[in-house]
Amino acid sequence: MCHLLLQSSHLQLYFTHGMERTLVTYVDTSDISAAMFITVLLFLIVIAPLVSLGILKLFQGKKKQALWYVLSGVAVYFIFQWFMWFVF
């Protein structure tokens, strides 16, 4: 069950499961630069899945496809770093 509590200056969201109560808070992301945010986002959406697919294909015995997936993930990372170095 979810409970929403309004206190003096902020909103608190609690999730309860039985007798246990968990406070859900927010994370302050104002100190993270735009380049770091985009790098992490690119890693989570593109690079990590490509490397993961490469490892999966390696276990399936498709070594050539596995190599291409891993190399394409690494290439995306280096292309992005090269782009960020010249643009910013």
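The notes below deal with the structure included here. (Residues numbered from 1 in each chain as written. Predicted model: local features only at pLDDT ≥ 70, side-chain atom pairs only at ≥ 80, totals over all residues. Heavy atoms only, no water.)

## What to know about the overall build of the protein chain
Counting secondary structure elements, the protein chain contains two helices and three strands. Beginning at the N terminus, the succession of helices and strands in the protein chain can be written as β-β-β-α-α. Every one of the 88 residues in the protein chain was classed for burial, and the buried ones make up 11%. For the protein chain, long-range pairs separated by at least 24 residues make up 23% of all intrachain contacts whose partners lie at least 6 apart in sequence. For the protein chain, the exposed area adds up to about 7600 Å²; of that, 72% sits on carbon and sulfur atoms. (Helix = DSSP H or I, 4+ residues; strand = E, 2+ residues; numbered from the N terminus. Buried < 20%, exposed > 50% of the residue type's maximum accessible area, 1.4 Å probe, protein only. Contact = heavy atoms within 4.5 Å. Areas by Shrake-Rupley, 256 points an atom, 1.4 Å probe, with all protein chains shown as cover.)

## Some thoughts on the packing of aromatic side chains
Evaluated as defined, the whole model comprises three aromatic pairs. Taking the centre distance of 5.4 Å and the plane angle of 70 degrees together, the rings of Tyr77 and Phe78 count as edge-to-face. Residue Phe78 is classed as exposed on the basis of its relative accessible area of 55%. Grouping aromatic residues by their ring pairs yields a cluster made of Trp82, Trp85 and Phe86. (Phe/Tyr/Trp six-rings, centres within 6.5 Å; stacked < 30°, edge-to-face > 60°.)

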